[in-house]
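A closer look at the structure
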Amino acid sequence: MSTSGLKAISPVPTAADFLDIVLSRTQRKTPTVIHKNFKISRIRGFYMRKVKFTQDSFDEKLGAILSEFPMLDDLHPFLASLMNVLYDKNHYKLALGQLRTARHLIDHIAKDYVRLLKFGDSLYRCKQLKTAALGRMATVMRRQKDPLAYLEQVRQHISRLPAIDPNTRTLLICGYPNVGKSSFINKVTRADVDVQPYAFTTKSLFVGHLDYKYLRWQVIDTPGVLDHPLEEMNTIEMQSITALAHLKSCILYFMDLSEQCGFTVEAQCKLFHSIKPLFSGKPTILVINKIDVTRLEDLSPDNMALVQEIIDKEDVQCVQVSCYSEEGVMQLKNTACDALLAHRVETKLKGSKVNSIVNRVHVSVPTPRDDIERPPFIPDVVKEKRKNDENEPDKKKLLRDVEADQGGPGVYSINLKSNYLLANPEWKVDTMPEIMDGKNIADFIDPDIAEKLEALEREEAQLEAEGYYDTDEDMARDFYLFMFFQASDFDSEDERETIAMQKSLEHKIQSQSIKKAQKNQARLPRTAGLRTLSELTTSLKKAGYDPSSIQQRAEMLAKVQRAKRKRSEADTDAGMEVDNEGEIESDQEGHWMDVDDEETPNKRAKGNSGAVIMKNPRAPQSNRQLAGLRDEQQVSKAVKLRNLGQRRRNMLAKAGESDRAIRVKMPKHLFAGKRKAGKTDRR
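Residues numbered from 1 in each chain as written. Predicted model: local features only at pLDDT ≥ 70, side-chain atom pairs only at ≥ 80, totals over all residues. Heavy atoms only, no water.

1. Section: the sheet that holds strand β5 (residues 284-289)
With respect to topology, six strands assemble into an open sheet ordered β2-β3-β1-β4-β5-β6, the strand pairing being mixed. The open sheet has two edge strands, β2 (206-212) and β6 (316-320), and neither has a second partner. Each strand axis lies, on average, 25° off the axis of its neighbour in the sheet, ignoring direction. By the bridge criterion, five bridges tie strand β1 (residues 170-175) to strand β4 (residues 250-256) in an arrangement that is parallel. In the sheet register, Gly175 faces β4, and the bridge partner there is Phe254. Across the sheet, helix α11 (residues 329-350) is in contact with β1, β2, β3 (215-221), β4, β5 and β6; its angle to β2 comes to roughly 85°. (Pairing = 2+ DSSP bridges. Helix = DSSP H or I, 4+ residues; strand = E, 2+ residues; numbered from the N terminus. Axes fitted to C-alpha atoms, helices over the stretch in contact; angles between N-to-C directions. Contact = heavy atoms within 4.5 Å.)

Next comes the structure, spelled out in structure tokens:
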């Protein structure tokens, strides 16, 4: 089990919140109405149910807390020791034990009061027993305020711990403070550990991950350790000691020969010998860091002898690195991973599990047939073949060289057509046709399309200059402007052109606004713009025309319309309708004209379908509802039978006769309080 499995613990409520949760749940999940007139067995069951439900709620919540927090005896030794260092094993077990005892006490309280409730002889006594039971349970839970607060703090801290797997491949970094441990883990993994130029920057375990030989590796950065007895170490140092003692890993002991960390080389060597028992059975690598400042060869003879004593020990390798210049960082990573892999394989071979596998593996070793030596044969051509030298003039040009010549990776695009096997090698550079819907697109491309378009544009410009697209209105406007300019007396030609441009712009803006305003307006009827006969004759005389014939025709049509209108009024008064009048009206409608001092004829209104709407439609001669009935008495009887047979419209949306509306908004029996027992005279 890793520390990631400890993070799925639910939040632990405080004692007050615990009581609110349980008691409010009891109030919501159990019945709330009881009367003293009920049977005593029913009253007892009502309050016994509340006590049992409260006890079950406490038991469920406390059981969830006790089951989610891990038992230290069931954890991996590393995790158990880490929790002991961080949270104090005795305090942790005591808090869980107090909650377990509280759950046991609540069970006994509920059991005792349920037994007493069986002998309750009234509602009041049962209620008092229920209150006492819930009160004693609440008192027990209030005493668990400190254990609950402690466990919540433990839960929050566990959720912030890094995910450490004690069983996976692990590189463990240790040493004095400020020797470059965090810098190394930042270089080889994606971890972001804070690095500062003072001691004890790292105060807890940090984890990073890297990939080597397609395997996932775990790198743990431990806080710095000082050289003093185990009993005097604080919590920060004890985390490192716990990891060194319990994790099967490769130990990387970092040393700073430049003594910039604040500790001498002699002190660092003494610390190595002090914690050497924790390295037993694990591959160990001595890492000489900060070689950009001081290398191993630069040490004094005394310090060199101390370091060489550690290096000469068995199973201790020495690697010099510089996290600042990254010299030797990758070499250290590879060396440590290879050493741990070899150690794990060796450990597995010594175990008993390998026997079951070795028994199923058979290695065949060939037996020599005679004493003749047969060395491997390598042809002389292969031996004499020269290596690919860049300075060789006749060197074969590789595809990599072509890529470098043509811009390098990201710029060079490989020619896939160069390997085509065609009858004619020149065909490789031909452009492939693009086929769409079974047709070649190149057949529909006009190579002279640009020249034709340019010629068309020149022709259009010439037509516009000649006034080919000018309308009659434009020509009339130009004519009026020309006449206006000829009649006016301007001081210069520039002033005339300026006035002409202003007039043209005003006319254009006015015409556009008129067109835009007319787009969303309703069409006017044909009679909206009619003029009288005198207005028409006057305008024609001013224009130089003789209007006598038009005036005679208009007077004749006016007489015809007047006679027709008189006939229609007579027919309307008589209640008659002539069918062919609509035809006459439709024939003559477009030719009549108003004559002076004459009212506009009274035209018939028409509907959307074109039919004539009568002003006074003819009323029916008889009532169809009374058809077939002898007299009024029979009519009333028929109406009654119809009403009985047909269902009236449900105007008030009632379900039936029993669906009665309460007209009184505040009836007394709902708002005057409860009646006492025996008073039923107001029912």
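Next, the rest of the story.
2. Quick notes on the packing of aromatic side chains
One pass over the structure, following the stated rule, counts eight aromatic pairs. Note on Phe18 and Phe58: the rings are 6.0 Å apart at their centroids and 5° apart in plane angle, and the pair reads as stacked. One end of the pair, Phe18, is in helix α1 (residues 15-29); the other, Phe58, is in helix α2 (residues 40-68), with 40 residues separating them in the sequence. Residue class for Phe18 comes out buried when judged on its relative accessible area of 1%. For Phe58, a relative accessible area of 1% corresponds to the buried category. Summarising the aromatic geometry, the rings of Tyr212 and Trp217 are spaced 6.2 Å apart at their centres and angled 70° between planes, so their arrangement reads as edge-to-face. On the accessibility criterion, Trp217 (0% relative accessible area) is buried. (Phe/Tyr/Trp six-rings, centres within 6.5 Å; stacked < 30°, edge-to-face > 60°. Buried < 20%, exposed > 50% of the residue type's maximum accessible area, 1.4 Å probe, protein only.)

3. A few points about the confidence of the model for the chain
Summing up the model confidence of the chain, the mean pLDDT is 82 and the portion of residues at 70 or higher is 82%. For residues 576-600, every residue scores under 50 in pLDDT, and the model assigns this stretch 35 contacts once sequence neighbours within four places are set aside. (pLDDT = per-residue confidence, 0-100.)

4. Quick word on the side chain of Glu237
Along the polypeptide, Glu237 turns up in helix α8 (residues 235-246). An unpaired buried charge is present at Glu237: no salt bridge exists, and Lys181, the closest side chain of opposite charge, is 10 Å distant. If we skip the residues at most four places from it in the chain, Glu237 touches Phe200, Gly224, Val225, Leu226 and His228. (Lys, Arg positive; Asp, Glu negative; His and termini not counted. Salt bridge = Lys/Arg side-chain N within 4 Å of Asp/Glu carboxyl O.)

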